[in-house]
Amino acid sequence: MGRVGAAQKIEIGASAGAFNYKGDIATSFNPRFLRPGGSLFFRYNVSRSVTFRAEMLMGSITANDAYSKDPFQKVRNLSFRTKLSEASLVTEYNFLNYQDRRFALNWTPYVFAGIGYNRFSPNVRTSDYPTKGWVIPYGVGVKYQINRPWNIGLEFGTRKTFTDFLDNLGGPPISTNKLDQGDPSTKDTYYYIGFSVSYTFYRITCPE
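Procedures and definitions
- Residues numbered from 1 in each chain as written.
- Predicted model: local features only at pLDDT ≥ 70, side-chain atom pairs only at ≥ 80, totals over all residues.
- Heavy atoms only, no water.
- Helix = DSSP H or I, 4+ residues; strand = E, 2+ residues; numbered from the N terminus.
- Buried < 20%, exposed > 50% of the residue type's maximum accessible area, 1.4 Å probe, protein only.
- Contact = heavy atoms within 4.5 Å.
- Polar contact = N/O pair within 3.5 Å; in protein donor to acceptor, adjacent residues only side chain to side chain.
- Core = buried A, V, L, I, M, F, W, Y, C linked by side-chain atoms within 4.5 Å.
- Phe/Tyr/Trp six-rings, centres within 6.5 Å; stacked < 30°, edge-to-face > 60°.
- Lys NZ or Arg CZ within 6 Å of the ring centre and 35° of its normal.
- Pairing = 2+ DSSP bridges.
- Axes fitted to C-alpha atoms, helices over the stretch in contact; angles between N-to-C directions.

Visitor: Hey, could you run me through the environment of Ser39 in this one?
Guide: By the secondary structure assignment, Ser39 is in strand S3 (residues 35–45). A residue is classified by how much of its surface remains accessible, and Ser39, at 6% relative accessible area, is buried. Each C-alpha atom, one on Ser39 and one on Ala14, is 5.5 Å from the other, the two residues being 25 residues apart in sequence. Not counting residues within four places of it along the chain, the set of residues in contact with Ser39 comprises Gly13, Ala14, Ser15, Glu55, Met56, Leu57 and Tyr192. One polar contact links Ser39 to Ser15, side chain to side chain, over a distance of 2.6 Å. A polar side-chain atom of Ser39 sits 2.6 Å from a polar atom in the side chain of Glu55.

Visitor: Teacher, can you tell me more about the nonpolar core here?
Guide: Most often, soluble globular proteins keep nonpolar side chains buried together rather than apart. Phe19, Tyr21, Ile61, Ala63, Leu84 and Tyr190 are the most contacted members of the largest nonpolar core, which has 18 residues in total. Of all the elements in the fold, those that place two or more residues in this core are strand S2 (10–22), strand S4 (50–64), strand S5 (79–94) and strand S9 (189–201). With 3 residues, S4 is the largest single contributor of residues to this core. Contact partners of Ala63, with chain neighbours within four places excluded, come to Tyr21, Ile25, Ala26, Phe33, Ser79 and Phe80.

Visitor: Quick question: what am I supposed to make of the packing of aromatic side chains here?
Guide: Aromatic ring pairs are reported here in terms of the distance separating the ring centres and the angle at which the planes meet. Considering all chains together, one arrives at 12 aromatic pairs under this definition. Arranged with centres 4.2 Å apart and planes meeting at 10°, the rings of Tyr129 and Phe165 form a pair that is stacked. Within this pair, whereas Tyr129 is found in the loop between strand S6 (107–122) and strand S7 (132–147), its partner Phe165 is found in the loop between strand S8 (150–161) and S9, the two being separated by 36 residues in sequence. Their ring planes at 75° and their centres at 5.0 Å tell us that Trp150 and Tyr199 sit as a pair that is edge-to-face. One end of the pair, Trp150, is in strand S8; the other, Tyr199, is in strand S9, with 49 residues separating them in the sequence. By relative accessible area, Tyr199 is classed as partly exposed at 29%. Its guanidinium or amino end placed over the ring of Phe112, Arg53 lies 5.0 Å from that ring's centre, counting from NZ or CZ.

Visitor: How do you make sense of the pairing of S2 when you look at a structure like this?
Guide: On a regular strand, one side chain projects to one face of the sheet and the next to the other, so that they alternate. Here S2 pairs with S3 via 10 bridges, running antiparallel. Within the sheet, the bridge partner assigned to Ala18 lies in S3 and is Pro36. Bridge analysis of S2 against S9 gives 13 bridges, and the strand direction is antiparallel. Bridging across to S9, Asn20 finds its partner in Tyr191.

Visitor: Even after reading the chapter, I still don't get the environment of Asp65, so can you show me in this structure?
Guide: Of note, Asp65 is situated in the loop between S4 and helix H1 (71–76). Accessibility expressed as a relative area gives 0% for Asp65, which makes it buried. Along the sequence, Asp65 and Val75 sit 10 residues apart, while their C-alpha atoms lie 8.3 Å from each other. Excluding residues within four positions of it along the chain, Asp65 makes contact with Ile25, Gln73, Lys74, Arg76, Asn77 and Leu78. Only 2.7 Å separates the side chain of Asp65 from the side chain of Gln73, close enough to count as a polar contact.

Visitor: What is the right way to look at the sheet that holds S2 in this model?
Guide: To summarise the sheet geometry, strands pair through backbone hydrogen bonds and adopt either a parallel or an antiparallel arrangement. With antiparallel pairing, 8 strands are arranged side by side around a closed barrel as S2-S3-S4-S5-S6-S7-S8-S9. Ignoring which end each strand starts from, the neighbouring axes of this sheet average 25° apart. In terms of strand pairing, S5 meets S6 through 13 bridges, oriented antiparallel. Among the inter-strand pairings, Ser88 is bridged to a residue of S6, identified as Gly116.

And the structure:
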């Protein structure tokens, strides 16, 4: 009979979770604006400490001035909904010795960072601005091998963007009306909180 080798290089999985947004309409993280999202991902475990991950992420973000404590925002009374999709490549660094241990507790916290490219589609678009561009994903997570070859994980990630139009409110002023203007000095940000399940493929070594 064959045996399972120590190397477990390839892992595939999916996550389900929620998106949130920070920008001109929500100036800080607000749980009220959480919206569902999900992803499919591929991991290549280079070593016990380093993992490369490719991921496809989809969901939506939203916010509404009506829920702000700022009197100006209440008068402005804008809201938006934007669909998002993202492809990314990141590197994960595992803090603990995450390896194949069939009969032992196997888990680790980790950090990740990389590069991504997104497309977005606001429900209202009032000017001709780009709706795709680069993002920098980074964040923290924890993963746990519940029963070989199955793993679960929990992750919180931030996406630094180079656009101010996720909320259809950015760029140079389009009129002299202050209510039509956002803050062009800052870019929009979005977050993803996800719970994942993945399957690791083990190399089978057969005797000669």
